Amino acid sequence: TERDMFQVILDCQPMPMLTLCYESIPDAAVAMQAMMGFQDLARISAYFDNSETVSGLVRTIFQYCSRAAAGGTVTVRCQIALGSSEQCVTHFAPIFREAEWRGVLEVLLQLWALDLLPPHLSEFDDFSGTDGKPLESLCNIRPLYPPPEASRTADAQSEEQRGYSAPQAPAADGDGFLESLARWFEDETKDEDEEEAESGRPQDDLLFSSAPPFPAPGDKNGVEAAAQSLPVDASDPGVIHQLVKQYVARSGFVEVLGHSGIAKLPPESLQGLAKALVQLSRPSRWFAQASSPEEQAQGSGEWHYVADPVFCLELLTNITCMPSPSTGSTSLSHIWPLVSTHFERLLQYVIAGNGVAEAQFIERLIVNTLRLCIRLIGNSELVPTLLMLTQYLSKLPGKIFSAYSERIACGILVLVQEATLPHSGLCNIFSLLHRISEFPAGVGACSAGIECLNFWLSDDQELSRLLSLQQLPELLKTLKAFAQGSSAPAALGHLSSLVPQLARGARCLAPEANLQWRSLWVPTLQALADIAKDGSQRSSAQAFVYLQRLLLECGTDLALPWEELEFDAWKECLEQVLFPLLQAPSKGGNIAEDVAALRQANAAQLVCRVLLTHMSQWLRSSPDGFPVLFLRLLHILVSEATVETSREPLVESLKNLLLVISADPAFGELSSPRGEGETLLEAAWGVVSPSLPDLRREVAVILDPSAVEPSESPTEEVKIQG
């Protein structure tokens with residue numbers, strides 16, 4: 001039988017003889033004949049379902065190809081091995097396991113080093129900045145061996161070679177025995193396929209079906225083969241490089257890693273590919289079990305140490321993100337546990353402070369983590385794992401996070417714009433944004449972070465959803481954080497504009513947002529007050545301007561409808577916003593004493609103006625509550641005014657306030673909360689006079705200059721009036 005014939009061949013141990021011929025005889029024709037022998041043995045073994053023999057032969061061919069390519073030039077022997085390797089991928093990829101896929105990847109890495117890969121495999125996806133320009137990358141890996149340039153005379157030769165079919169290895173009398181046997185088995189398989197097709201019976205999933213699982217190089221729907229074979233018939237190194245690169249671009253190596261190729265792989269083979277990529281997509285020094293010293297020695301020095309993990313991580317991400325039109329998410333489910341665990345381990349390793357020297361790999365790790373989140377967030381089953389990966393990004397060490405903050409910001413901007421994130425996802429995004437704000441020197445990162453907030457704040461639907469998920473505190477907290485750096489104008493602008501927009505009905509939020517401008521007013525003021533008190537000089541000054549707008553504006557388009565605010569809302573505003581703003585910061589802070597004193601003086605002026613502007617409304621709204629609140633304000637002002645560093649500005653504000661209320665007859669008729677016939681004005685002086693005994697007389701002299709006693713000298717009078 002055919003099986004007995006094949007067993008006789010194997011008993012003769014042809015592999016050692018083929019190996020000896022290929023390795024010992026320099027003649028290219030002999031090398032080609034030996035390589036065809038390896039291929040024929042693999043094809044016959046596949047016919048008899050001897051997958052173990054097929055795997056061994058395939059790995060041998062891949063090893064020959066990798067070794068030949070490691071020399072840095074595209075030699076004839078390299079081309080012979082490459083052509084055979086490509087045929088192995090074309091015919092046997094569905095039965096590959098981890099070891100075979102590792103051989104494929106080693107060949108691809110050597111092809112990259114020779115600059116023989118097409119751009120979509122050798123160039124890496126990245127994010128653009130907010131200006132639309134590519135971000136400056138730390139990952140600038142280029143092929144190890146620059147391609148040789150073709151001479152002018154060789155250019156014409158190259159055109160002639162495009163349709164050239166490489167010569168076949170010579171045979172003494174027609175085909176060799178193995179090749180004839182392999183071809184006979186092929187014909188037998190084709191006949192069986194045709195019979196099954198005619199009878200309507202399902203065809204067996206044989207590798208020797210009428211069409212291979214992956215089209216041969218240059219096939220169009222498996223019909224027309226137009227690609228040239230290897231080796232190419234040229235002498236100019238530049239022409240050889242061009243033609244081999246064209247061959248690779250149309251080869252099974254590229255096809256098997258494309259959308260349709262990945263979709264055709266059975267689960268076991270796909271898992272083997274993922275395992276091989278996981279093993280190779282981490283720097284060998286990161287994990288002891290990543291590779292043996294022998295495996296590390298196979299590369300070409302430091303270039304392969306840096307480049308190989310980057311390339312394999314990129315390829316792993318690309319395969320994971322590929323849509324599978326025929327199987328839906330089935331293919332992804334087979335490899336996702338491997339992929340997610342791998343990314344988790346890599347990120348944890350970096351978070352622990354390790355691997356800092358591998359800056360290029362860390363950059364690609366961050367980018368590809370975000371790419372996974374962006375492409376796969378629509379799969380509800382993967383959302384928890386994806387959000388966990390984003391959480392790891394927010395925990396990166398400060399030095400690393402700062403270096404890649406712009407990339408992270410641009411990545412989450414794409415994620416926010418393209419995905420509908422759940423509550424936990426929004427929490428992670430806000431954590432990342434807050435972390436980005438900690439590095440104000442990163443102008444590009446802060447700009448991208450503000451763009452994320454712009455996306456939510458400029459769209460009614462997005463803002464409604466954000467607020468319905470109870471994210472208002474996080475939104476204000478993040479805006480406040482960005483207001484401390486280079487994005488302060490934009491962040492402060494958002495803080496100051498949202499409340500007036502809602503109050504004037506300029507925003508149409510969904511009912512589920514359940515938000516009225518009054519509920520947003522105090523938290524917004526609180527955020528602005530914190531910036532005014534503790535922010536940078538520029539941010540603080542702008543925050544005071546916006547506080548005045550949100551507290552004092554009347555009779556303009558920017559004015560809030562004050563009549564809608566109850567006294568309790570104003571009381572909350574003073575207790576939570578203005579009174580803390582008025583109090584001096586604790587000693588030992590980051591703000592200089594003179595700067596803090598100036599801000600406290602501005603706060604005192606603001607509080608007094610707010611009181612005088614809205615006092616009549618407060619009296620109408622709460623005749624009993626206003627006196628209590630007023631006296632509390634005086635207690636705070638007097639307490640702060642008695643501190644030596646703050647005395648003069650606060651005393652001046654206090655004097656102006658008392659001057660206005662003393663001149664108001666209506667105020668003089670208000671009763672003190674203590675009752676007993678005491679007026680509120682008398683109660684006010686009762687608070688002020690013990691600490692500032694001369695202030696009452698100064699106010700009285702201003703109101704009635706004739707009250708100055710004649711015995712006082714003009715100099716003293718001027719001093720009092722001043």
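### Points about the overall build of the protein
In step 1: A count of helical and extended segments in the protein gives 34 helices and zero strands.
In step 2: Classification of the 722 residues of the protein by burial places 49% in the buried group.
In step 3: In the protein, the share of contacts with a sequence separation of at least 24, taken over all contacts with a separation of at least 6, comes to 75%.
In step 4: For the protein, the accessible area works out to roughly 33000 Å², and carbon and sulfur atoms hold 50% of it.

### Focus on unusual backbone geometry
In step 1: Located in the positive-phi region is Asp49, a residue other than glycine, with phi close to 55 degrees.
In step 2: Here Asp49 is to be found in the loop between α3 (28-47) and α4 (51-69).
In step 3: Positive phi outside glycine occurs at Asp115, with the angle close to 60 degrees.
In step 4: Structurally, the position occupied by Asp115 is in the loop between α6 (98-113) and α7 (119-122).
In step 5: Assessed through its relative accessible area of 17%, Asp115 is described here as buried.

### Looking at the confidence of the model for the protein
In step 1: When pLDDT is averaged across the protein, the result is 84; 82% of the residues are at 70 or more.
In step 2: Counting interchain partners and residues more than four positions distant, the pLDDT-below-50 stretch residues 199-211 has 26 contacts.

### Quick notes on the pattern of salt bridges
In step 1: Enumeration according to the criterion identifies 18 salt bridges in this entry.
In step 2: For Arg43, the salt bridge goes to Asp40, with nearest N and O atoms at 3.2 Å. In this pair, Arg43 and Asp40 are both assigned in helix α3, three residues apart and thus about one turn of the helix distant.
In step 3: Across the pair Arg102 and Glu106 runs a salt bridge, and its minimum N-O distance is 4.0 Å. Separated by four residues within a single helix, Arg102 and Glu106 lie in helix α6, roughly one turn from each other.

### Regarding the packing of α3 against α4
In step 1: Where α3 meets α4, the closest approach of the two axes is 8 Å, and the angle between their N-to-C directions is 155 degrees. Our classification of the angle between α3 and α4 gives roughly antiparallel. The interaxial crossing formed by α3 with α4 has left-handed handedness. Contacts from Met35, Phe38, Gln39, Leu41, Ala42, Ser45 and Ala46 in α3 reach Thr53, Val54, Leu57, Thr60, Ile61 and Tyr64 in α4.
In step 2: Looking at the contact of α3 with α4 residue by residue, the classes come out as nine nonpolar, four polar and no charged.

### Some words on the packing of aromatic side chains
In step 1: Under the criterion given, the structure shown has 20 aromatic pairs.
In step 2: Consider the rings of Phe401 and Phe439, whose centres lie 5.9 Å apart with planes at 25 degrees: the pair is stacked. Placement of the pair is Phe401 in helix α19 (residues 398-418) and Phe439 in the loop between α20 (423-437) and α21 (443-457), with a sequence separation of 38 residues.
In step 3: For Phe401, a relative accessible area of 0% puts it in the buried group.
In step 4: Residues Trp521 and Trp570 carry aromatic rings whose centres are separated by 4.9 Å and whose planes lie at 80 degrees to one another, so their mutual orientation is edge-to-face. Remark: Trp570 occurs in helix α27 (residues 567-582) and Trp521 occurs in helix α25 (residues 517-534); sequence separation between them is 49 residues. As far as burial versus exposure is concerned, Trp521 and Trp570 are alike and both buried.
In step 5: Taken together, the aromatic side chains of Trp521, Trp562, Phe567, Trp570, Trp618, Phe626, Phe630 and Phe667 make up a single cluster linked through ring pairs.
In step 6: Over the ring of Tyr305 we find Arg285, and its NZ or CZ is 3.9 Å from the ring centre.

### Regarding helix α32 (residues 680-688)
In step 1: Burial analysis of α32 places seven of its nine residues in the buried class, the great majority of the element.
In step 2: Among the residues of α32, Leu680, Leu681, Ala683, Ala684, Trp685, Val687 and Val688 are the ones counted as buried.
In step 3: Of the surrounding elements, those touching the buried residues of α32 are α29 (625-641), α30 (647-662), α31 (665-668) and α33 (695-703).

### Quick word on the environment of Val688
In step 1: Position of Val688 relative to the elements: it lies in helix α32.
In step 2: Val688 gets classed as buried once you look at its relative accessible area, which sits at 0%.
In step 3: C-alpha separation for the pair Val688 and Ser639, spaced 49 residues apart in sequence, amounts to 9.4 Å.
In step 4: If sequence neighbours within four positions are ignored, Val688 has contacts with Val638, Leu654, Leu658 and Leu695.

### Notes on α29
In step 1: Between the first and last C-alpha of α29 there are 25 Å, a value that for 17 residues agrees with the 24 Å anticipated at 1.5 Å per step.
In step 2: In terms of burial, α29 is a largely internal element, 13 of the 17 residues being buried.

### Side note on the nonpolar core
In step 1: Membership of the largest hydrophobic core comes to 221 residues, with the highest contact counts inside it found for Trp521 and Phe630.
In step 2: Those residues in contact with Trp521, other than ones at most four positions away along the chain, are Val499, Leu550, Leu551, Leu560, Trp562, Leu565, Ala569, Trp570 and Cys573.

### Remarks on the side chain of Asp236
In step 1: Along the polypeptide, Asp236 turns up in the loop between α9 (177-199) and α10 (237-249).
In step 2: A polar contact of 2.8 Å, which involves the side chain of Asp236, links it to the backbone nitrogen of Gly238.

### Remarks on the environment of Pro146
In step 1: Relative to the assigned elements, Pro146 resides in the loop between α7 and α8 (152-161).
In step 2: In this structure the C-alpha to C-alpha distance between Pro146 and Leu114, which are 32 residues apart in sequence, comes to 6.9 Å.

Cut-offs applied
Residues numbered from 1 in each chain as written. Predicted model: local features only at pLDDT ≥ 70, side-chain atom pairs only at ≥ 80, totals over all residues. Heavy atoms only, no water. Helix = DSSP H or I, 4+ residues; strand = E, 2+ residues; numbered from the N terminus. Buried < 20%, exposed > 50% of the residue type's maximum accessible area, 1.4 Å probe, protein only. Contact = heavy atoms within 4.5 Å. Areas by Shrake-Rupley, 256 points an atom, 1.4 Å probe, with all protein chains shown as cover. pLDDT = per-residue confidence, 0-100. Salt bridge = Lys/Arg side-chain N within 4 Å of Asp/Glu carboxyl O. Axes fitted to C-alpha atoms, helices over the stretch in contact; angles between N-to-C directions. Parallel < 35°, antiparallel > 145°, perpendicular 65-115°, else oblique. Left-handed = near helix turned anticlockwise from the far one by under 90°. Nonpolar A, V, L, I, M, F, W, Y, C, P; charged D, E, K, R; others polar. Phe/Tyr/Trp six-rings, centres within 6.5 Å; stacked < 30°, edge-to-face > 60°. Lys NZ or Arg CZ within 6 Å of the ring centre and 35° of its normal. Expected span 1.5 Å × (residues − 1). Core = buried A, V, L, I, M, F, W, Y, C linked by side-chain atoms within 4.5 Å. Polar contact = N/O pair within 3.5 Å; in protein donor to acceptor, adjacent residues only side chain to side chain.

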